[in-house]
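# Secondary and tertiary structure notes
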Amino acid sequence: MLNQLTISELTTKLAGREISAREIVQSCLDQIARVDGKIHAFISCDNQDALAQADFVDKQITSGSACAQKPLMGIPIAVKDVLAVRNQPLNCGSKILGKFISPYDATVIEKLKSAGAIVFGRCNMDEFAMGSSTENSAFGVTRNPWDPTRIPGGSSGGSAAAVAAGECIAALGSDTGGSIRQPAALCGVVGLKPTYGRVSRYGLVAFASSLDQIGPFAKNVSDAATVLGVMSGHDLRDSTSVPHPVPDYSGALNGNIRGLKLGLPREYMIGGLNAEVKSAVDAAVKTLSALGAEVVEISLPHTDYAVATYYIIATAEASANLARFDGVRYGARAEGNDVLEMYGNTRGAGFGAEVKRRVILGTYVLSSGYYDAYYLRAQRVRTLIRNDFLRAFETVDAIVTPTAPTAAFKIGEKSDDPLQMYLSDIFTISCNLAGICGVSLPCGFTRNPQLPIGLQLLGKPFGEETLLRIAHAFEQNTAWHEKRPLL
Ligand code: GLN
């Protein structure tokens, strides 16, 4: 079935006129019709629009225009509900945006479309990307395709589940503290968080602006490299995007990692690390060293402070960013007797419990009297965390860790315990605080039940090529990424 193929397989067939873009899209839509009742990866999907985009691509191919050379020609890519796609709903997994329709395309969407991609669907997510399980969505929980009684991870759980379930060929997500890498790990797909500044966030609804990045989910590393290459680059509409040239990420996948130095941070071997996760990661490290990489132990001494630091900085920024949802500018409104009451009623009815918790925490850490004790101090610790990484990267080319401390947990298991939930990001959060890049790829399965385990590789700022090269070499020598859930 076409929906089970990779980007490179599909573009080859399409260029050879063996198949049409419409057939590719139709096979994804058929799969959605077949399995999404069970998985709920999508909040909505505009089938007519997806098919119309496919017909447009097919027309370009038959007329022989340049489209046949485009890197994502005819490839259906699903989108997290936090990115603006012109004329499509944008809800951020929340009720507060009501019936809001995006008036424009995010820069990444524009780039995908001009590369020939068929951008479709609204993937479910934790409300405003706050969460690690996709249980904090106003549109219901997404289920893990490997075991529908379990969470898919979050906050980009819908995007990860959609790729794993073959409902799309690749997907976009956003990662503020692990929201691409953690669900990728828990769903058994590849997920990459680019370096801060690598990808424009214009058209991404902001959660924590100093941490947010947009990145791809894919079935394998080479597909992730293709999508990343299309998405990346400087954008005048996002002043935090960096004017570095975009390398040929696909060209970097040469299979050779001989002589590369990999660091194993001793602080990541924590008590809460599940034994099966640990042994899968240990085995992956052995594979990488058998491929010629040199593995050394390193230290990231401020690791212990990462989760606390993140939850101060991320909530502070969220409280400021979410002030705009006030019943005046966008979407839904709940009336009141005066304007203050209207704000209160709108936000009270529109936001879910976790978003309220974060806005309250963030307002608190920014308030006068507490600003110095919390926010300012967190910013200083953040610098220490970044320096840990920069120092480590003086001696190693990449860092290897588990992506998450456990495989997918049961729906409801942690939803009443925010602290436990926050700890599932323990290995992913530092990367965002440091502004570096990271990728998660499949490296094994737990035994009973069979659930995917993710390996995380962290790289230098703008070191995506090296990460992808290592990940690809690993993938070429293992078969974990070829396993698909039986739906
Ligand atoms: N799980 C983390 C949080 O709840 C990270 C979320 C994200 O990366 N968007 O904030």
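Anything mentioned here points back to the structure above.
Summarised in this report is the structure supplied together with it. This is a predicted model, so every value here is computed, not measured. (Residues numbered from 1 in each chain as written. Predicted model: local features only at pLDDT ≥ 70, side-chain atom pairs only at ≥ 80, totals over all residues. Heavy atoms only, no water.)

## Observations regarding the pattern of salt bridges
In a structure, side chains of opposite charge can pair up when their charged atoms sit close to one another. We apply this condition: Salt-bridge detection follows one rule: a side-chain nitrogen of Lys or Arg within 4 Å of a carboxyl oxygen of Asp or Glu. Each helix is a run of H or I in the DSSP string that is no shorter than four residues. Each strand is a run of E no shorter than two, and both are numbered from the N terminus.
Using the criterion set out here, one finds 16 salt bridges in the structure. Between E110 and R237 there is a salt bridge, and its shortest N-O distance comes to 3.0 Å. With E110 in helix α4 (residues 107-114) and R237 in the loop between α7 (221-231) and β7 (261-265), the pair connects residues that are 127 residues apart, well separated along the chain. R333 serves as the salt-bridge partner of E335, at 3.8 Å between the closest nitrogen and oxygen.

## Some details on the pairing of strand β11 (residues 452-459)
What counts, and what does not: Buried residues are those whose accessible area, probed at 1.4 Å on protein chains only, stays under 20% of the maximum for their type, while exposed residues exceed 50% and partly exposed ones sit between those limits. Whether two strands pair comes down to DSSP finding at least two bridges between them.
Most of β11 sits out of view: 8 of its 8 residues are buried. In β11, alternate side chains face the same way, and those of P452, G454, Q456 and L458 on one face and I453, L455, L457 and G459 on the other are all buried. Note that strand β9 (residues 398-402) and β11 share 5 bridges and pair antiparallel. Note that in β11 the partner of P402 across the bridge is L455. Across 8 bridges, strand β10 (residues 437-445) lies against β11 in antiparallel orientation.

## Quick word on a nonpolar patch on the surface
Threshold: Note on patches: the residues involved have over 30% relative accessible area and no salt bridge, like charges join within 9 Å, and the nonpolar side chains Val, Leu, Ile, Met, Phe, Trp and Tyr join within 5 Å. For the area figures, the Shrake-Rupley method with a 1.4 Å probe applies, and any residue is considered shielded solely by the protein chains shown.
A surface patch of nonpolar side chains, amounting to about 370 Å² of accessible area, comprises V328, V339, L340 and Y343. Following the sequence through the fold, Y343 ends up in helix α10 (residues 339-350). Judged by relative accessible area, which is 31%, Y343 ranks as partly exposed.

## Things to note about the pairing of strand β6 (residues 213-218)
Within β6, 6 of the 6 residues are buried, which leaves it mostly tucked inside the rest of the structure. Across 6 bridges, strand β4 (residues 170-175) lies against β6 in antiparallel orientation. For S174, the partnering residue across the bridge sits in β6 and is I214. Bridge count between strand β5 (residues 190-193) and β6: 2 bridges; the pairing is antiparallel. Its bridge partner being in β6, V190 is matched across the sheet by A218.

## Re the nonpolar core
Note the following rule: As used in this record, nonpolar core signifies buried Ala, Val, Leu, Ile, Met, Phe, Trp, Tyr and Cys residues forming a set joined through side-chain atoms within 4.5 Å. Two residues qualify as a contact provided that any one of their heavy atoms is within 4.5 Å of a heavy atom in the partner residue.
Core analysis: the largest hydrophobic core is formed by 150 residues, its most contacted members being L72, L112, F128 and F389. Aside from chain neighbours lying at most four places away, what touches F128 is C92, S94, I96, L97, V205, F207, L322, F325, F351 and V355.

## Looking at the site of the ligand
This is how it is decided: Near, as used in this document, describes a residue that has one of its heavy atoms within 4 Å of the molecule or strand being considered. Whenever a nitrogen or oxygen atom comes within 3.5 Å of another N or O atom, the pair is scored as a polar contact, on the condition that within protein one atom can donate a hydrogen and the other can accept it, and that pairs from neighbouring residues in sequence are kept only if both atoms are in side chains. Each residue gets one of three labels, nonpolar for Ala, Val, Leu, Ile, Met, Phe, Trp, Tyr, Cys and Pro, charged for Asp, Glu, Lys and Arg, and polar for the others, Gly among them.
Lining the immediate surroundings of the ligand are 15 residues, of which T176, G177, S179, Y310 and R358 lie closest. A distance of 3.4 Å is found between a nitrogen atom of the ligand and a side-chain nitrogen or oxygen belonging to S155. With respect to the ligand, the backbone of T176 contributes an N or O atom lying 2.7 Å from an oxygen atom. Computed on the free molecule, the ligand has an accessible area of 300 Å², of which 100% lies beneath the protein chains in the complex. Partitioning the shell around the ligand into residue classes produces 5 nonpolar, 7 polar and 3 charged.

## A closer look at the sheet that holds β5
Picture the strands of a sheet paired through backbone hydrogen bonds; they go either parallel or antiparallel. Formally: For helices, the axis comes from a line fit to the C-alpha atoms of the stretch in contact; other axes are also lines fit to C-alpha atoms, and the angle between any two N-to-C directions lies between 0 and 180 degrees.
Strand order in the open sheet formed by 11 strands is β1-β3-β2-β4-β6-β5-β10-β11-β9-β7-β8, with mixed pairing between adjacent strands. Looking at the sheet topology across the chains shown, the edges are occupied by β1 (42-44) and β8 (294-298). Strand-to-strand twist in this sheet, taken as the mean axis angle between neighbours without regard to direction, amounts to 35°. Packing against the sheet, helix α8 (residues 275-290) makes contact with β7, β8, β9, β10 and β11, and its axis sits at approximately 55° to β11.

## Re the packing of helix α2 (residues 21-39) against helix α3 (residues 47-62)
Packed helices, taken two at a time, are described by the angle between their axes plus the distance between the axes. Applicable threshold: An angle counts as roughly parallel when it lies under 35 degrees, as roughly antiparallel when it exceeds 145, as roughly perpendicular when it falls between 65 and 115, and as oblique in every other case. Crossings are classed by handedness, with left-handed meaning an anticlockwise turn of the near helix from the far one by less than a right angle and right-handed meaning a clockwise turn.
α3 packs onto α2 with a crossing angle of 160° between their chain directions and a minimal axis gap of 8 Å. In terms of their interaxial angle, α2 and α3 are classed as roughly antiparallel. Our pair here, α2 against α3, has a crossing hand that is right-handed. Facing α2, whose interface residues are A21, R22, V25, Q26 and L29, α3 presents N47, A50, L51, A54, D55, V57 and D58. Its residues assigned to classes, the contact of α2 with α3 shows 7 nonpolar, 2 polar and 3 charged.

## Some points on the environment of N91
Residue placement: N91 occurs in the loop between β2 (76-80) and α4. Residue classification places N91 among the buried positions, given a relative accessible area of 8%. For the pair N91 and A323, spaced 232 residues apart in the sequence, the C-alpha separation amounts to 16 Å. Once residues lying within four places of it in the same chain are set aside, the contact partners of N91 are D81, L97, G98 and F139.

Worth remembering: the numbers are spatial, not functional.
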